[in-house]
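Results of the structural survey
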Amino acid sequence: MNPEEKINALRKELHEHNYRYYVLDSPVISDYEFDMKLKELQALEEANPQFRDSSSPTMRVGGEVTKNFNTVAHEHRMYSLDNSYSREELADWVQRIHRILGETRVEYTCELKYDGASISLTYENGHLLQALTRGDGFQGDDVTTNVKTIRSVPLQLRGDFPPKFEIRGEIILPLAGFEKMNELRVKEGEDPYMNPRNTASGSLKLQDSALVAERPLDCLLYALVGRDLGASTHFELLNKAREWGFKIPQEAELCKSLDEVFAFLDHWDIHRHELPYETDGVVIKVNQLQQQEELGYTAKSPRWAIAYKFKTEQAITTLEKITYQVGRTGAITPVANLKPVLLAGTTVKRASLHNADQIAKLDIREGDTVMVEKGGEIIPKIVGVDLSKRPQDSEPTTYIDTCPECHTPLERKEGEAQHFCPNSTGCPPQITGRIHHFISRKAMDIEGLGAETVELLFKEGLIRNYADLYTLTKEQVVPLERMADKSAENLIHGIAESVKIPFERVLFALGIRYVGETVAKVLARAYKNIDALMEASEESLTQVNEIGGRIAESVVSFFKEEKNREIIERLRNYGLKFSLSEEQLQNQTDRLKGKTLVVSGVFENLERTELKKLIEDNGGKVSSSISSKTSYLVAGNNMGPSKRTKAESLGVPIISEGEFMDLIK
Ligand code: AMP
Ligand code: ZN
């Protein structure tokens, strides 16, 4: 086989496996085999750029960046749907249809209403040409690059498809994937996403398609638009589209009467919680396309379809106690502790109360009988109080005015909803929160030390701040719960090893508000050591590229704090790095000042991390994605084909490892 044949064969094979895995859910090869084949294809495409194809399975990996999403007019308007909330309303709708059509033999397709972000996909000759968001219905945003990374969206159709058509559906985040994403976020110290729907629609607007590729998005389709699609009913069209490779949920059903529609509602009202994704209702559509045409549209929605919304599930229970949580920045969140109650298939014990205003608005009190609702959010919320059940001796809730953990008077800044505990250095959850951050992977990366151990060490009085970690001895640690001899040793070793971590990461680890990984690097490079940084004024800080007023203020106030200075002195004595190393200083130049570089592929002489470090040492900035602002793309072996194309189309110079080394010489 010549390369072209090999490439085509691999593409065909991978499209097929992809379809089996993501659409049919019945893979025939292992993930590993799949990855190997994909890598093989990537390498072949890389070596033979003349066979580039925007429908290749390698497009799934992403890597292209969209700075501004183009607004594009929909060829066919994207309507919304009328809603109904009861069977009576639904029966009225059916009657209206009978009246307009002048006949009573009407069939319906019932589908679940998928809760995500609407999308319209255009296919031409079996290839995905364009993906538009719904926008205002008349025009939407072109998110094609991002949508191509979604595995269940076919890039190459199969079977007997029409030459050109549009297909519509929802981009959703299945619940399992959503939870996994959140677990990861929480582990990294970030706030969890609120609900799958917003996260799905937010994902479509990420600039870096490689990030979209990492999200477990799915695309469920529900409507075809176009001429001569080769069927006379909606239900047939769904079946056809399924044959062409689209993911059309099998739950869709053809109903011959209103009673059959009701039976569909009955079934899914109960069983919807077993679905892998969220649904908030059912969409009922007149099945005959001819009849659909006759019925036509109102100003906003088709007359031939209606959504039936399930009642949001509510449960009634007793609010036993209001407690307050303190976050690591000192923010206070009130929590309703409930008498356990079953709601939407799970036992609910706690509900969020958001803040003091929310409590006052609903006049929520301990002992109240409350209505709890589960919307798209993970934590249920209290939506109402049954005043008729309020106990005689009930007292209005007085919001705490001191911290529940350290009893410091709380503060509330003008215009902010949240109360704060200002005792950042003495308040336990704030202290342990900061220690968690200090030891995290991108900061001091202390192996052998997890979140539970930190809590334990703190509870036992062995650590009160992150500097105390360096005074721990094996003898102190061994008696702790679940701490074996070996793990104690690892822990102490891990802590000792961490003194080698370079200055910029130590700076990040300190946990200065608004000083993230990148800002820490910028500051380390600009000031070279902690002493210079500690003396820096707000004015001097804001002179540094990328440092704004908010960061400057935060840095200055952190170092003004005597306690923080003490801790830094201690850390310095334990041997932590508070200045750039000789080597870093020597290697520092301004040769790449003002330049942004993207690194891609595998290199002969340098590790990728080394290369990135060289860029930063020479005053350049490393970016993960190519844009018109990119100064150079440093290309190694096996670089993703889409990166090269992107660079070429934007006229970004592509340089080799050797050329890069010349640049900084
Ligand atoms: P709403 O946003 O509440 O007005 O509902 C209308 C939207 O529901 C449509 O624009 C579609 O994006 C979405 N939808 C979800 N599932 C379906 C389905 N099975 N059939 C039609 N529309 C659906
Ligand atoms: Zn406190």
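Here is a short report on the structure shown in this document. (Residues numbered from 1 in each chain as written. Chains lettered and ligands numbered in written order. Predicted model: local features only at pLDDT ≥ 70, side-chain atom pairs only at ≥ 80, totals over all residues. Heavy atoms only, no water.)

Some words on empty space enclosed by the protein
Evaluation of the coordinates by the stated rule reveals 2 cavities of 30 Å³ or more. Its boundaries defined by the atoms lining it, the largest cavity holds a volume of some 50 Å³. Thr-58, Met-59, Gly-62, Glu-64, Thr-145, Lys-148, Ser-209 and Ser-642 together form the lining of the largest cavity. Considering the residues around the second largest cavity, the lining is formed by Ser-352, Leu-353, His-354, Gln-358, Leu-362, Ile-364, Lys-381 and Ile-382. Those elements giving two or more residues to the lining of the second largest cavity turn out to be helix 11 (356-362) and strand 16 (381-385). (1 Å grid on protein atoms, 1.4 Å probe; cavity = no way out; pocket = protein on both sides within 12 Å on 5 of 7 lines; lining within 4 Å. Points joined across faces, edges and corners; volume = space filled by probe spheres on them. Helix = DSSP H or I, 4+ residues; strand = E, 2+ residues; numbered from the N terminus.)

Some remarks on the site of ligand 1
For ligand 1, the set of nearby residues contains 14 residues, the closest of which are Ser-118, Arg-134, Glu-170, Tyr-222 and Lys-285. One of the side-chain N or O atoms of Lys-113 is found 3.1 Å from an oxygen atom in ligand 1. Contact between ligand 1 and Lys-285: a nitrogen atom at 2.9 Å from a side-chain N or O atom of the residue. Isolated, ligand 1 exposes 490 Å² of accessible area, and the fraction of that covered by the protein chains is 83%. With 4 residues, strand 3 (residues 108-114) is the largest single contributor of residues to the shell around ligand 1. Of the residues belonging to the shell around ligand 1, the class tally is 6 nonpolar, 2 polar and 6 charged. (Near = heavy atom within 4 Å. Polar contact = N/O pair within 3.5 Å; in protein donor to acceptor, adjacent residues only side chain to side chain. Areas by Shrake-Rupley, 256 points an atom, 1.4 Å probe, with all protein chains shown as cover. Nonpolar A, V, L, I, M, F, W, Y, C, P; charged D, E, K, R; others polar.)

Here's the deal with the coordination of the zinc ion (ligand 2)
Distances from the zinc ion (ligand 2) to its protein donors, namely Cys-403 (SG), Cys-406 (SG), Cys-421 (SG) and Cys-427 (SG), fall within the range 2.2 to 2.3 Å. One can describe the site at the zinc ion (ligand 2) as tetrahedral: its 4 donor atoms subtend angles covering 99 to 114 degrees at the metal. Along the chain, the residues donating to the zinc ion (ligand 2) are arranged with the sequence spacing C-x2-C-x14-C-x5-C. When sorted by exposure, Cys-421 lands in the same class as Cys-427, which is buried. (Donors = N, O, S within 2.8 Å, 3.2 Å for Na, K, Ca; no water. Tetrahedral: all angles 85-135°; square planar, octahedral: opposite > 155°, others 65-115°. Buried < 20%, exposed > 50% of the residue type's maximum accessible area, 1.4 Å probe, protein only.)

Section: the sheet that holds strand 4 (residues 117-124)
Judged by pairing direction, the sheet is antiparallel, and its 4 strands sit side by side in the order 5-4-7-8 without closing on themselves. Here the strands that pair on one side only, and so sit at the sheet edges, are strand 5 (127-133) and strand 8 (218-225). Mean inter-strand twist for the sheet, computed between neighbouring axes without regard to direction, equals 30 degrees. Bridging between strand 4 and strand 7 (residues 164-172) involves 8 bridges; their strand directions are antiparallel. Looking at strand 7, one finds that Thr-122 is bridged to Glu-166. (Pairing = 2+ DSSP bridges. Axes fitted to C-alpha atoms, helices over the stretch in contact; angles between N-to-C directions.)

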